[in-house]
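Here's the letter readout for the chains.
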Amino acid sequence: MANSSDRQPRVTVLNSIKSALANKSVIRAPLSAGVATVGAPGTPIPVPQNRSQDTLDLFEDMLADYRARVIRSEAGELPLVIAGLVSQHKIKSVVVPPGLDATWYQNIGEVKVVFDDGSIPFDELASIDAVITGCTCAIAETGTLVLSGQPYEGRRAVTLLPDFHICVVRSEVVMRRVKNLFSHVTITDPITLISGPSATSDIELKRVEGVHGPRNLFVVIVS
Amino acid sequence: MVKTKIGFPSSSVRQINNSQLRANLKAATSAIREKRARVVGEKEDWEELRRKGEHVRDEILNNLDSYLMQLERSVTAAGGIVHWARDSAEANQIILSLVQGHGETEVIKVKSLTTDELGLNEFLAQHEVTAFETDLAELIVQLAHDKPSHILVPAIHKNRSEIRDLFQRTIAQGRVLSNEPAELAETSRLYLRQKFLSSKIAISGVNFAVADTGTVCVVESEGNGRMCLTLPKVLISVMGIEKIVPGPDDLAIFLELLPRSSTGERMNPYTSLWTGVYPGDGPSEFHLVILDNGRSRVLADPIGRQALRCIRCSACLNVCPVYERSGGHAYDSVYPGPIGAILSPQLFGTESSLSLPWASTLCGACYEVCPVRINIPQVLVHLREKVISQGHRSRTEAMSFGLISFFFQTSRRFELLQNIATRFRVLINHLHVSKSAPGALGKWAEARELPQLPRETFRLWWRRNRDKNGK
C-alpha cells in the first residue's frame, strides 16, 4: 500500500503540524479520550429544556414532525399493528433480520417473508417491499432511531433498500437527549441514525420525502 | 482595498447583475435562516453547546499531531488502511491508484467539499475514471457542467424550472417531467439506483473522525450516503487533518450543533458511523486518506487558525448580506461565503483569493451563528492586515489614510480641516462627488453618497450655545 512504501508524506505532515504548534503559547495537554465531560470554559447555562413534556410524547411529536408515521401499541397488540400496516399499504414481501422476534410478524398472512442470512444479493433486497426491525435505542428530542447492527436490526443494507421500513421501538430505550447517545450504543458497532424518511431540500429548499433510502418510515412504540 | 486584477470585486459584479440568481438566493437563504433560528431556539443550552464545540475543536487543534497518530492507530486496529497526503496531487494519486488497482473505471461519490478542493472528479476523468455524484444537488451541478455555489445546497442558484429542463435533457430516459420537486427527486432516484447496486468503489468525505475509537461519521439527508457507504466493496474516505474529535461524547456535541446550524433540522435524516470494516456488513476494504493541503500552514497563524474549527455547516453563508447578494460563485473557491473568505486565502493563497478578506461588511452576523464560535470578523481584519503588509497595497488608499490620520491626530488639525471645508462648502456641495469622478474617488462614490456640508460645524455650534447659556 502507498502508506507503507512511502512514509514521507506522513512524516512531513506531522512535522509541519508540530512546528506550527511549537511557535506559540499553546497548552499541550495529554491526550484525553474525550474532553466533553471536562466541560467548557466560561459560565455554563444549564437550563433543561421542556422538562414538562413526557419523553415519549416528545419522541412521537418529533417523529411526526419529520413525517414518520407513529403508532403507540401495547406489547400484546404488536402482531396486529404490524399486520395492519402491511395490509394497509399492500406490502407483498418483507425481509426480516435473523434475530427478529418471529411473533411480531405472525399475523401478516400470505405476505412473503424473507429471512436475511447475509447472503441475499442487493438487487434482490431492493425488490422487496418492506423491512421490519427493532432498534437499539432512540432519541426523543430529535425523533431519531438508532440502529447498530444487532441481530434484531440486521446488516445495514436491509434497512436501506426496501421502500418501507417498519421499526419497533420499546419505550424503555427512548432517551431524551442526543447527549446521552453513546452511553446507550457502542460506538464501534455499524451505526445508522435515522430521523424521518430519506429527504432532500436541494430544489428550492422544498423538503421532498423519499430519495434513495426508504420513502416510508413507520415507527411502532411499544410499552 | 487590496490591489488585484481578478477576484471578488469583479466577479461579484457579474453575479449581482444576474437577477434570477439573486431571487433564488434571497428566497433560499431567508427560508433556511428562519428554519435555523426556530430549531436553535428550541435548545435552551445552545450557548453552552457552542462553547463546548469551540473548546473541543481547540483541544484537537492544539494537539493535532498526537490525535492524528491516535486516529491512525485506531483505524488500523479496526481493519482500515490509512494514507497520508501532503497536497491535492498526492491525495488524487493515492485515490487513482486504489481505483486502478481494482481495475475499475467508475466510482460513485457522496457529496464532499474536500474532494471538490482536490479537483478529484476532473483528475479522475483525465485518467479515464468516471466519478458519479450521487447527492441530488451535486448531480444537478455535475450534469450542468456547473460549479457548486453553496456548501450545503450546491445548486442553490438554480430554480425548479431550470432543474427540470436540465433533467429532461440528461437523465429523464424518455419520460416527460414536470417541475415538481418530488418528481425531479424521483427521476434522480431511478437514474442512480442501478449505479448504487452495481458500483464496486465509493468515495466519500468525512464529517468527523473519532481519534479514540477510529470511528468515522458522515451526515446526510437523501440516503445516497448510506448507499455509497454500505453497498460497494471498497470505500475510500478523504478527510482534512482537522476533522477529528477526541472521543464519543465529543462527537455527540457536534451531532447536536451541526444539523441545527446547517439544514435547520433537529437531526438530519441519516447519520452513518463505521469503524474499520465489519464481516458481512458493508465494504470489505476501507481506506482513509488524511489530507494536509495547506492546513498545517494555517495552524501556524494564532489568529487565522480558528478557521480550522469549522465543521462546514454553512450557517455563516445564510446570514451573510454579502453572500446573499453575490452568491457563491463570486468567491471563486470551493469554500464560499464568510468562512470561505477566511479559509480560501489561508489555504490556497491564490491571487483571486487575496481579495476575499474584503468581501465582507464586518457586520458580525457570521460570528453570532457559528456553532464553534469562529470569530470571522476578527480573522478578516487580521487577514486584510496580512495581505496589505505583504505588499498588495493600493497607493491611493494608503495616501488617503495617511492624510486622514494626519488630520485626525490633534483637535487643532481636525478643526483646521473643518474650517477649510466650511469655507468652501458651497463649492464642495455643488460638486456632487459621483461615480463619474476620476479614479478611486469615482469607485468609492459608486456605493456611497457624501452628506451635504452644514453651514456651521458641531464644534462651533456647541461653543456658541454653551457661551449663550452661560455654562
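Note that this is a predicted model, so its numbers are computed, not measured.

What counts, and at which threshold
- Residues numbered from 1 in each chain as written.
- Chains lettered and ligands numbered in written order.
- Predicted model: local features only at pLDDT ≥ 70, side-chain atom pairs only at ≥ 80, totals over all residues.
- Helix = DSSP H or I, 4+ residues; strand = E, 2+ residues; numbered from the N terminus.
- Buried ≥ 20, exposed ≤ 12 C-beta atoms within 10 Å, placed from the backbone.
- Contact = placed C-beta atoms within 7 Å.
- Pairing = 2+ DSSP bridges.
- Axes fitted to C-alpha atoms, helices over the stretch in contact; angles between N-to-C directions.
- Nonpolar A, V, L, I, M, F, W, Y, C, P; charged D, E, K, R; others polar.
- Domains from an automatic or database assignment.
- Core = buried A, V, L, I, M, F, W, Y, C linked by C-beta atoms within 7 Å.
- Expected span 1.5 Å × (residues − 1).
- Bend = angle between axes of the 7 residues up to and from the residue.
- pLDDT = per-residue confidence, 0-100.

Sorry, what's going on with the overall build of chain B here?
Each helix and strand in chain B was counted, giving 23 helices and 10 strands. Overall size of chain B, expressed as C-alpha extent along the three principal axes, is 90 × 55 × 45 Å. For chain B, buried positions account for 52% of its 471 residues. For chain B, long-range pairs separated by at least 24 residues make up 75% of all intrachain contacts whose partners lie at least 6 apart in sequence.

So what exactly am I meant to see when it comes to the sheet that holds strand S6 (residues 144–147) of chain A here?
Taken in spatial order, the eight strands line up as S8(A)-S5(A)-S6(A)-S9(A)-S9(B)-S6(B)-S5(B)-S8(B) in an open sheet, and their pairing is mixed. Single-partner strands in this sheet number two, and they are strand S8 (174–175) of chain A together with strand S8 (244–245) of chain B. Here three bridges tie strand S5 (residues 208–210) of chain B to strand S6 (residues 215–220) of chain B, and the two strands are oriented antiparallel to one another. Residue pairing for S6(B): Val210(B) is matched across the bridge by Thr215(B). Here helix H12 (residues 248–262) of chain B sits on the sheet and contacts S5, S6, S8 and strand S9 (270–275) of chain B; the angle it forms with S5(B), its principal contact strand, is near 165°.

What is the right way to look at the interface of chain A and chain B in this model?
Buried accessible area, meaning the area lost when the parts come together, often serves as the stated size of an interface. Taken together, the contacts link 74 residues of chain A with 89 residues of chain B. Secondary-structure elements contributing two or more residues to the side of chain A that touches chain B are helix H1 (2–5), helix H2 (8–22), helix H5 (122–126), strand S9 (191–194) and strand S10 (199–200) of chain A. At 10 residues, the largest contribution of residues to the side of chain A that touches chain B is made by H2(A). For the side of chain A that touches chain B, a count of residues per class yields 39 nonpolar, 23 polar and 12 charged. Summarising the sheet, S9(A) and S9(B) pair through four bridges and their orientation is antiparallel. When the bridges of S9(B) are listed, Leu193(A) appears paired with Thr271(B).

It is not clear to me how the pairing of strand S3 (residues 130–133) of chain B should be interpreted in this structure. Could you clarify?
On any regular strand, side chains alternate: one points to one face of the sheet, the next to the other face. Residues and elements named next belong to chain B. Of the two faces of S3, the one lined by Ala131 and Glu133 is fully buried and the one lined by Thr130 and Phe132 carries no buried residue. Sheet topology places strand S2 (residues 106–109) next to S3; four bridges connect them, and they run parallel. Its bridge partner being in S3, Ile108 is matched across the sheet by Phe132.

Looking at this model, I keep getting lost on the domain arrangement of chain B. Mind explaining?
The assigned domain composition of chain B is domain 1 (1–42 + 313–393), domain 2 (43–293) and domain 3 (412–468). Look at where the C-alpha atoms of domain 2 of chain B and domain 3 of chain B centre, and you get two points 56 Å apart.

Can you walk me through the nonpolar core in this structure?
Soluble, globular proteins show a tendency: their nonpolar side chains are buried together. Core analysis: the biggest nonpolar cluster contains 188 residues, and Ile82(A), Val94(A), Ile132(A), Val146(A), Val289(B), Ile290(B) and Cys316(B) have the highest contact counts within it. At seven residues, the largest contribution of residues to this core is made by H12(B).

So what exactly am I meant to see when it comes to the domain arrangement of chain A here?
For chain A, the domain assignment lists domain 1 (2–29) and domain 2 (55–222). A C-alpha centroid distance of 44 Å is found between domain 1 of chain A and domain 2 of chain A.

Sorry, what's going on with the pairing of S2(B) here?
As paired strands, S2(B) and strand S4 (residues 201–204) of chain B are joined by two bridges and run parallel to one another. Among the inter-strand pairings, Ile108(B) is bridged to a residue of S4(B), identified as Ala202(B).

Sorry, what's going on with helix H10 (residues 181–198) of chain B here?
Each turn of an α-helix holds 3.6 residues, which means side chains three or four residues apart point in the same direction. Counted at 1.5 Å a residue, the expected span for H10(B) with its 18 residues is 26 Å, and the 27 Å between its end C-alpha atoms agrees. Leu192(B) marks the point of greatest bend in H10(B), at about 35°. Residues of H10(B) that are buried: Pro181(B), Leu184(B), Ala185(B), Thr187(B), Ser188(B), Arg189(B), Leu192(B) and Phe196(B). Tucked into the core, H10(B) has its buried residues touching S10 and strand S11 (208–209) of chain A together with S2, helix H8 (136–143), helix H9 (160–170) and helix H11 (224–230) of chain B.

Please clarify how the environment of Pro148(B) should be interpreted in this entry.
Residues and elements named next belong to chain B. If you trace the backbone, Pro148 turns up in the loop between H8 and H9. Note on Pro148: 24 C-beta atoms within 10 Å, which makes it buried. Those residues in contact with Pro148 that lie beyond four places of it in its chain are Asp116, Val141, Pro154 and Gly328.

Even after reading the chapter, I still don't get the sheet that holds strand S1 (residues 81–85) of chain B, so can you show me in this structure?
To summarise the sheet geometry, strands pair through backbone hydrogen bonds and adopt either a parallel or an antiparallel arrangement. Residues and elements named next belong to chain B. Read across the open sheet, the six strands follow the order S1-S10-S7-S4-S2-S3; overall the sheet is parallel. The open sheet is flanked by S1 and S3, the only strands paired with a single partner. Strand after strand, the sheet turns through a mean of 25° between neighbouring axes, direction not considered. Of the strand pairs in this sheet, S1 and strand S10 (residues 285–291) are connected by five bridges, and their pairing is parallel. The residue bridging His83 from the neighbouring strand is Val289, located in S10.

Honestly, the environment of Arg155(A) in this entry has me stumped. Any pointers?
When you line up the elements, Arg155(A) lands in the loop between S6 and strand S7 (164–170). Residue Arg155(A) is classed as buried on the basis of its 20 C-beta neighbours within 10 Å. For the pair Arg155(A) and Pro98(A), spaced 57 residues apart in sequence, the C-alpha separation works out to 9.7 Å. The residues touching Arg155(A), leaving out its near neighbours within four places in the chain, are Gly118(A), Gly149(A), Gly280(B) and Asp281(B).

Is there a simple way to explain the confidence of the model for chain A in this structure?
The predicted coordinates of low-pLDDT regions are not to be read in fine detail. Across chain A, pLDDT averages 86, with 84% of residues at or above 70. Every residue in residues 1–5 of chain A is under pLDDT 50, and counting partners more than four places away or in other chains gives eight contacts.

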